[in-house]
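# Fold and geometry: a report
This is what each chain is made of:
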Amino acid sequence: MHVLLETERLLLRAFTRADLDDLRELHADSEVMRFLDSGHPEPELLVTEYADPGSFGYWAAAEKAGGGFLGWFEFRPVRAGRRDEVELGYRLRRSAWGKGYATEGALALLHEGFTAWGVRRVVATTMAVNTASRRVMEKCGLRYVRTFHVEWPDPLPGAEHGEVEYALTAAERARPDTP
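Residues numbered from 1 in each chain as written. Predicted model: local features only at pLDDT ≥ 70, side-chain atom pairs only at ≥ 80, totals over all residues. Heavy atoms only, no water.

## Focus: helix α5 (residues 131-139)
Those residues of α5 lying buried are Ser-133, Val-136 and Met-137. The buried residues of α5 occupy one face: seen down the axis, they fall within an arc of 100°. Summarising the contacts, the buried residues of α5 are in contact with β5 (85-92), α4 (101-115), β6 (121-127) and β8 (163-169). Phi turns positive one or two residues past the end of α5, at Gly-141, with a value near 95°. (Buried < 20%, exposed > 50% of the residue type's maximum accessible area, 1.4 Å probe, protein only. Helix = DSSP H or I, 4+ residues; strand = E, 2+ residues; numbered from the N terminus. Arc of directions from axis to C-beta. Contact = heavy atoms within 4.5 Å.)

Next comes the structure, spelled out in C-alpha cells:
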C-alpha cells in the first residue's frame, strides 16, 4: 500500500480496487453529495487513473487506527503540466463529519505542498451555502477570493447563491498568523 501522508489520525494512501465498494457507497449518500454536482470523479476512475505516486492526485483517507475508509482528498494541478497551482478538495463519509478529519488531512496536504512539492498557490471551491466546507477552508488558512455563478443544467438547491473560491499562497502560508 502506497501511503502519501500520515497524520496523527489519518493515512492518505493510494486507492486500490478494494476501495470501490466504499467509494460507491460514499458517492451514493445523498447527504454527502448535496453540495456536489454529478459526483465526479467516478469511483473506478479514482482507483485507476488519478494517483501520482509522488504527490498529486486523489488519495483515499483511512483511519490510522484500524484502517477504516473515511473518504478521499484531492490535491492536483489546476492546469495540466503545471504543479505550482493546485486544487484542494475532500469528500468524507457522514460518520467522519465534525471530527476534524477534513481539516487534518487538508493541513497535511498544504504543508507538504508548500514545503516539499513546489506548490505556490492552492485553491478550493464549494457552493456558497456549504458552510461546513467553508469553515474547513478557513481553518486551514485559505482566504475567500470571490463568489461566482455557474450555469448548471440541473442546479442543486442553493446554487442561486453561487460558488465560492478560497485560496492560499506559499507567501501567505509563511506568515505567523496562518495555520
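## Some details on the pattern of salt bridges
Tallied over the full model, the rule gives 14 salt bridges. Here Arg-82 ties to Asp-84 by a salt bridge, and the two come within 2.7 Å at their closest N and O atoms. Using a relative accessible area of 40% as the deciding quantity, one classes Arg-82 as partly exposed. Here Arg-121 and Glu-165 are joined by a salt bridge, their closest N and O atoms 3.3 Å apart. Highlighted residues: Arg-121 in strand β6 and Glu-165 in strand β8, separated in sequence by 44 residues. Accessibility expressed as a relative area gives 24% for Arg-121, which makes it partly exposed. Its relative accessible area of 10% is what places Glu-165 among the buried residues. (Salt bridge = Lys/Arg side-chain N within 4 Å of Asp/Glu carboxyl O.)

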